[in-house]
Each structure stands twice: as structure tokens, then as C-alpha cells.
Amino acid sequence: MSTAILGQCLCGATRFAFDLPTKWVAHCHCTMCRRAQGAAFVTWVGVEAVQFRWLADADLRWYDSSPGAQRGFCAHCGSPLAFRSERWPGEIHLTRASIDDELDRAPEMHVCHDTHVPWVILGDDLPRQGALTA
Ligand SMILES: [Zn+2]
Ligand SMILES: [Zn+2]
């Protein structure tokens, strides 16, 4: 018995669903996430690709953000939604903020914290890792 978790872009043209469990949830402070989303850091949800599906993807577009890695966004409203990479085969990463539903876990750590911005002060006690080594 699984309840589908739903997510969508700002305009609603691009929507997705996945089944629990998630693999991980983490805040990423890398410079690419920051620039791609116009935010101090980005909270990502890792899900097995086989548990994931697009519900409405007419305006979904992917672009290569680095060798072997793509970012998916709604071409109508521009909302960043997804990430996939050869470094994490069989996995898709989704922006936590595009998902309203409760998940099976809260964010567990900060990654790429060595490149964090100086203008946001974190108030949590989560582990803070440097560059990803996975
Ligand atoms: Zn949209
Ligand atoms: Zn990142």
C-alpha cells in the first residue's frame, strides 16, 4: 500500500508523482544549484527512478547543466523540478519545494556546504558536508 506523492511547477503545466520511500533528502549549497534556482541553496529529494513518473510533461524540458547531468524544468513557467546524473544512475532528484505533501523524512544534511553563501545563517544542527564524494 503506497500513497503517491505529488509535485508540480508554479503554473501547473508540469506535474509528477512518485511512490515512497524516498532515498534521502538534503540541502545542496553548490554553486550550480544556487544559480539554476536563484536561491541560497536547494533542497533535493532523491527517489528511485522506477518509483517516479511525470503526470503532465508537455512543457518539461531538460538541459545539460554539466557533463553527464541534466536539469529538468517547466518551459512555460521556468520552475526547476528535477535533476538526473550519470553519478546517480537509476535515481531522480526532485526539488523539495515543488512537493506540498509530507514526506517520509525531513532533510538530513547539508551537502556542498563548503560553497555556501555568507548571507544566510543556518539554525539547524544537521551534518554539513563539503563537496559530494558519491
Ligand atoms: Zn510550469
Ligand atoms: Zn547542488
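For clarity, every value in this text was computed on a predicted model and none was experimentally measured.

A.B. asks: Would you mind going over the sheet that holds strand S5 (residues 52-56) with me for this structure?
C.D. replies: Hydrogen bonds between backbone groups are what pair the strands of a sheet, and the pairing can be parallel or antiparallel. Judged by pairing direction, the sheet is antiparallel, and its 3 strands sit side by side in the order S1-S2-S5 without closing on themselves. On the outer flanks of this sheet lie strand S1 (4-8) and S5, each paired with one strand and no other. Neighbouring strand axes in the sheet, compared pairwise and without regard to direction, differ in orientation by 25 degrees on average. With 4 bridges joining them, strand S2 (residues 15-19) and S5 adopt antiparallel strand pairing. Pairing of alanine 17 across the sheet is with arginine 53, part of S5.

A.B. asks: I tried to follow the environment of leucine 122 on my own but got confused; where do I start?
C.D. replies: Turning to its location among the elements, leucine 122 is positioned in the segment after strand S10 (109-111). With 12 residues separating them in the primary sequence, leucine 122 and histidine 110 have C-alpha atoms 10.0 Å apart.

A.B. asks: Whenever I open this one, unusual backbone geometry confuses me. Can you help?
C.D. replies: It is generally the case that most residues other than glycine have a negative phi and that most peptide bonds are trans. The peptide bond linking leucine 20 to proline 21 adopts the cis configuration, its omega dihedral lying at 10 degrees. By the secondary structure assignment, proline 21 is in the loop between S2 and strand S3 (24-28). Here cysteine 112, not a glycine, exhibits a phi torsion of approximately 55 degrees, which is positive. With respect to the element layout, cysteine 112 can be found in the segment after S10.

A.B. asks: I'm lost on the sheet that holds S3 in this one. Help?
C.D. replies: Reading across the sheet, the 7 strands line up as S6-S7-S8-S9-S4-S3-S10 and stay open at both edges, with mixed pairing between neighbours. Of all the strands in the sheet, the pair left with one neighbour each is strand S6 (60-66) and S10. The average undirected angle you get between the axes of adjacent strands in this sheet is 30 degrees. Relative to S10, S3 is paired through 3 bridges, and the arrangement is parallel. Note that in S10 the partner of histidine 27 across the bridge is histidine 110.

A.B. asks: How should the nonpolar core be read in this particular structure?
C.D. replies: With 23 residues, the main nonpolar core has Cys28, Trp44, Val45, Leu81 and Leu94 as its most contacted residues. Of all elements in the fold, only S2, S3, strand S4 (42-48), strand S7 (69-74), strand S8 (80-85) and strand S9 (91-95) reach the threshold of two or more residues within this core. With 4 residues, S4 is the largest single contributor of residues to this core.

What counts, and where the lines are drawn
The residue numbers shown here count from 1 along each chain, following its written sequence. To label them, take the chains in the order written and letter them from A, then take the ligands in the order written and number them from 1. Totals for whole chains, interfaces and linings use all residues, but because this is a predicted model, local features are given only for residues with pLDDT of at least 70 and pairs of side-chain atoms are given and counted only at 80 or more. If DSSP finds at least two bridges between two strands, the strands pair. Each helix corresponds to a stretch of at least 4 residues labelled H or I by DSSP, and each strand to a stretch of at least 2 residues labelled E; elements are numbered beginning at the N terminus. All axes are obtained by fitting lines to C-alpha atoms, using only the stretch in contact for helices, and the reported angles, taken between N-to-C directions, cover 0 to 180 degrees. A set of buried Ala, Val, Leu, Ile, Met, Phe, Trp, Tyr and Cys residues, joined through C-beta atoms within 7 Å, is what we mean by a nonpolar core. Buried, partly exposed and exposed are defined by the number of other C-beta atoms within 10 Å of a residue's own C-beta, namely 20 or more, between the two limits, and 12 or fewer respectively, with C-beta atoms placed from the backbone.

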